Amino acid sequence: MNLFNSALGKNITFVRPEYFIVRGFIGIPHIKYYYVFLFFVYIVSVLGNTAVMAVIYLDHNLRTPKYIAVFHLAFVDLFGSSALMPKVLDIFLFNHRYVPYNDCLTFLFFCYTCLSMQVLNLVALSYDRLIAIIHPLHYQVKVTHRFMLSLIASFWVFVVIVVLIAVGLLTRLSFCKSVVINSYFCDHGKIFRLACNDYTPTYVFGHFLVALIIWFPLAFIVLSYLCIGYALSKVATARERYRAFKTCTAHLSLVAIYFLPILISFTMMENIHPNVRIINLSLTSVFPPMLNPIIYVLQTQEIKVSVKKILNIRKQSKIKVKKVIIK
């Protein structure tokens, strides 16, 4: 108990710094151009995700449980990018590297909440595909609007609670030496390792959080696709198997884009240079939100049809307006 009391302690005074210094890249000249590049990626992400949400909102045919999850993924991508990138750009382009203690913890909370929700949204989409392929006749009964909304709401409650616990544990640490964070944002792992008192509970919970938010969802997604593959192997014709599998390609692309860089970061964390880690994590944070809308527009037939329909309606309305003006 003494171990946990040292971090969760009673009647203990904690040394909290006035600010943290976000260090960023080490020894790379002209690195500001990289942040300008991230800014343009962020702008494309904002436009793309806003467009996807607008298409789903405007087309009543897309108001299905699957597209509730797609709409929510676009929203979380937009929210997560907007929570991360403006602050990162402010820190490094405008040289505001001194981040107040409370602001840093708030920054951390929103970044990790959005990252976690992006991953869990992929779980919701994988469950949708699993039921659609394995139990197609029962799909409309098992995956309803109410079910999908309840699932997403439960994910939000779960994520907010666990990330709040992680932030709460950080407030039980004392920082009496360095306050320099060797990352490009207020990184949980880099912050608690700066503590000068025992951070074992924070360390243990951090690994528990990684298992909850990364490994368990990934295991569920892999297992769901193994079940999908087994179900498709029983389908009579290759054409039917292809048509069924084609409905999963957009989701599989998203899974690869999200998880591969994260897995590289977590499996090789101790062996890669800090600059390489920052590049990997920063690109992981901004590229999936940018690519998601592109993937769904290019690989999802329903959204293609919806975009064409909306564009045709706009063209027809413009033609009508011109005819009225001519008359």
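Throughout what follows, the structure given in this document is the object of discussion. (Residues numbered from 1 in each chain as written. Predicted model: local features only at pLDDT ≥ 70, side-chain atom pairs only at ≥ 80, totals over all residues. Heavy atoms only, no water.)

## So, the nonpolar core
Cut-off, in case you're wondering: The term nonpolar core refers to a set of buried residues drawn from Ala, Val, Leu, Ile, Met, Phe, Trp, Tyr and Cys, joined through side-chain atoms within 4.5 Å. Only protein chains enter the accessibility calculation, which uses a 1.4 Å probe. A residue is then buried if its area is under 20% of the maximum for its type, exposed if over 50%, and partly exposed in between. Each helix is a run of DSSP H or I of at least 4 residues and each strand a run of E of at least 2, with the numbering of both proceeding from the N terminus.
Counting 98 residues, the largest nonpolar core has Phe 20, Tyr 35, Ile 191 and Phe 259 as the members making the most contacts within it. Counting residues per element, this core draws most heavily on helix H4 (residues 101-134), which supplies 19 residues.

## Quick look at the sheet that holds strand S1 (residues 19-22)
Spelled out, the test is: Two strands make a pair as long as DSSP finds a minimum of two bridges between them.
The strand order across the open sheet built from three strands is S2-S1-S3, with neighbouring strands paired in mixed fashion. With one partner strand each, in any of the chains shown, strand S2 (98-100) and strand S3 (180-181) form the two edges of the open sheet. One ladder, built from three bridges, connects S1 with S2; its direction is antiparallel. Considered in S2, the bridge of Phe 20 is made with Val 99.

## Here's the deal with the packing of helix H2 (residues 32-58) against helix H11 (residues 274-299)
Rules: Working convention: axes come from line fits to C-alpha atoms, limited for helices to the stretch in contact. Angles between N-to-C directions cover 0 to 180 degrees. In these notes the angle categories are as follows: under 35 degrees is roughly parallel, over 145 is roughly antiparallel, 65 to 115 is roughly perpendicular, and the rest is oblique. Crossing chirality is assigned from the near helix's rotation relative to the far helix, an anticlockwise turn below a right angle marking it left-handed and a clockwise turn marking it right-handed. Note on contacts: a residue pair is in contact if any heavy atoms of the two residues lie within 4.5 Å. Gly counts as polar in this scheme, as do all residues outside two lists: the nonpolar Ala, Val, Leu, Ile, Met, Phe, Trp, Tyr, Cys and Pro, and the charged Asp, Glu, Lys and Arg.
Where H2 meets H11, the closest approach of the two axes is 7 Å, and the angle between their N-to-C directions is 30°. Taken together, the axis directions place H2 and H11 in an arrangement best described as roughly parallel. At the point where H2 passes H11, the crossing takes the left-handed sense. For the pair formed by H2 and H11, the contact residues are Tyr 34, Phe 37, Leu 38, Val 41, Val 44, Ser 45, Gly 48, Asn 49 and Val 52 on the first element and Ile 279, Ser 282, Leu 283, Val 286, Phe 287, Pro 289, Met 290 and Pro 293 on the second. Residue composition of the contact of H2 with H11, by class: 13 nonpolar, four polar and no charged.

## With respect to the packing of aromatic side chains
The way to describe two aromatic rings as a pair is by their centre distance and the angle between their planes. Here is the rule: Paired rings are identified among Phe, Tyr and Trp, the last through its six-membered ring, by centres lying within 6.5 Å, and are further divided according to the angle between planes into stacked (under 30 degrees), edge-to-face (over 60) and tilted (the rest).
As enumerated under the stated definition, the model contains 20 aromatic pairs in all. Measuring from ring centre to ring centre gives 5.3 Å for Phe 109 and Phe 110, while their planes differ by 75°; the resulting arrangement is edge-to-face. Judged by relative accessible area, Phe 110 falls into the partly exposed class, the value being 33%. Seen in terms of ring centroids, Tyr 112 and Phe 185 are 6.0 Å apart; in terms of plane orientation they differ by 35°. Their pairing is tilted. In this pair, Tyr 112 sits in helix H4 while Phe 185 sits in the loop between S3 and helix H7 (188-192), placing the two residues 73 residues apart along the sequence. Under the relative-accessibility criterion, Phe 185 is labelled buried at 8%. Taken together, the aromatic side chains of Phe 25, Tyr 34, Tyr 35, Phe 37, Phe 92 and Phe 287 make up a single cluster linked through ring pairs.

## A short note on helix H6 (residues 145-170)
We apply this condition: Residue count minus one, scaled by 1.5 Å, sets the expected span of a helix.
When the terminal C-alpha atoms of H6 are compared, their 38 Å separation across 26 residues agrees well with the 38 Å that a helix rising 1.5 Å per residue should span. Those residues of H6 that sit buried are Met 148, Leu 151, Ile 152, Phe 155, Val 159, Val 162, Val 163, Ala 166, Val 167, Leu 169 and Leu 170.

## Focus on the side chain of Ser 81
For the record, the criterion: Distance and chemistry together define a polar contact, namely a pair of N or O atoms within 3.5 Å, with one atom able to donate a hydrogen and the other to accept it when in protein, and with adjacent residues in sequence counting only for side-chain atoms on both sides.
With respect to the helices and strands, the residue Ser 81 is situated in helix H3 (residues 65-93). A distance of 2.9 Å separates a polar side-chain atom of Ser 81 from the backbone oxygen of Asp 77. If sequence neighbours within four positions are ignored, Ser 81 has contacts with Tyr 42, Ser 45, Pro 86 and Pro 289.

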